[in-house]
Amino acid sequence: MLLTQEQQTKQTDNQSTIALPVMEAFYTIQGEGAHTGRAAYFIRLGGCDVGCHWCDVKESWDADAHPKQSIDALVKGALQYPGRLAVITGGEPLMHDLTALTEALQVAGFKTNIETSGVCQTVTGSWDWICFSPKKFKKPNPAIYEKADELKVIIYNQSDFAFAESFVPYLRPDCKLFLQSEWGRSNEMLPRIVDYVKDHPQWQISLQTHKFLNIP
Ligand code: SF4
């Protein structure tokens with residue numbers, strides 16, 4: 001992406017002044033969804049008001065509990081490693097304006113991926129890949145539907161299959177469709193997901209492979 005001189009100057013200002021609450025940032029292997037198996041720098045931002053009872057990162061919910069880091073520091077952190085895929089996750093990362101962060105990452109040579117529940121009013125940021133992961137506990141904003149490159153629905157119980165299907169008519173035809181068992185329910189739900197995908201081959205299984213690999 002080429003920026004004008006004016007945009008570059010504005011971006012430099014933003015990089016040193018804008019700060020985001022960061023729960024953790026780490027280099028690992030993307031374990032889920034369409035980019036499974038790729039080396040990636042994860043930035044987990046604080047703040048989420050969706051309230052999934054099975055959430056495995058409840059510590060992320062309170063944005064104020066996490067120290068803020070400048071865009072500069074975040075990009076520098078990512079540049080320490082050879083991979084050039086950055087995954088912004090949370091919490092619900094779109095609670096924050098991600099324009100400056102994503103532009104700075106792209107200028108530094110990163111592809112920018114996000115995982116979002118889609119509940120926020122606006123979709124800020126410059127994204128190479130949007131994983132839309134809706135939750136039953138808070139309705140998504142339909143603005144996310146056309147932008148989603150990937151739909152990933154967590155299957156906790158049987159009714160989640162219908163919940164997953166309810167989004168399909170609104171998505172782009174090239175949007176990838178994934179079903180992923182909630183980790184603690186794998187014994188019961190994985191066999192049902194296998195059967196479902198065999199009967200509905202437009203869907204794929206997403207496994208939390210990082211958990212099998214015992215990596216973050
Ligand atoms: S949207 Fe994600 S971070 Fe927020 S409560 Fe649900 S699982 Fe947790």
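As the structure is a prediction and not an experimental result, all values here were calculated from the model.

## Section: the UniProt feature "binding site: [4Fe-4S] cluster" (unreviewed entry) in the protein chain
And step 1. Within this numbering scheme, the UniProt entry marks C48, C52 and C55 as carrying the feature "binding site: [4Fe-4S] cluster" (unreviewed entry).
And step 2. Within the secondary structure, C48 is located in the loop between strand 2 (39-45) and strand 3 (68-70).
And step 3. Assessed through its relative accessible area of 16%, C48 is described here as buried.
And step 4. Structurally, the position occupied by C55 is in the loop between strand 2 and strand 3.
And step 5. Residue class for C55 comes out buried when judged on its relative accessible area of 17%.

## Side note on the pattern of salt bridges
Side-chain pairs of opposite charge can arise where the charged atoms are in close proximity.
And step 1. Scanning all chains against the criterion turns up 10 salt bridges.
And step 2. K152 is paired through a salt bridge with E32; the nearest N and O atoms lie 2.6 Å apart. Placement of K152 in strand 7 (residues 150-155) and of E32 in the loop between strand 1 (19-29) and strand 2 is noted, with a sequence separation of 120 residues between them. You'll find K152 and E32 in the same group, each marked buried.

## Considering the site of the ligand
And step 1. Surrounding the ligand, one finds C48, V50, G51, C52, W54, C55, V57, W61 and G91.
And step 2. Among the residues making up the shell around the ligand, the classes are represented as seven nonpolar, two polar and no charged.

Rules used throughout
- Every residue gets a number counted from 1 within its own chain, in the order that chain's sequence is written.
- Reporting of local features is limited, given that this is a predicted model, to residues whose pLDDT is at least 70; pairs of side-chain atoms are given and counted only at 80 or more, and all residues count toward the totals for whole chains, interfaces and linings.
- Hydrogens and water are ignored here; the side-chain numbers use all heavy atoms of the structure.
- UniProt positions are given in the numbering used here, feature names are shortened, and annotations may be inferred rather than shown by experiment.
- Each helix is a run of H or I in the DSSP string that is no shorter than four residues. Each strand is a run of E no shorter than two, and both are numbered from the N terminus.
- The cut-offs for exposure are 20% and 50% of the maximum accessible area for each residue type, with area from a 1.4 Å probe on protein chains only; residues under the lower value are buried, those over the upper are exposed, and the others partly exposed.
- The term salt bridge refers to a side-chain nitrogen of Lys or Arg lying within 4 Å of a carboxyl oxygen of Asp or Glu.
- Note on terminology: near, applied to a residue and a molecule or strand, indicates that one of the residue's heavy atoms is within 4 Å of it.
- Each residue is assigned to one class: nonpolar for Ala, Val, Leu, Ile, Met, Phe, Trp, Tyr, Cys and Pro, charged for Asp, Glu, Lys and Arg, and polar for all the others, Gly among them.

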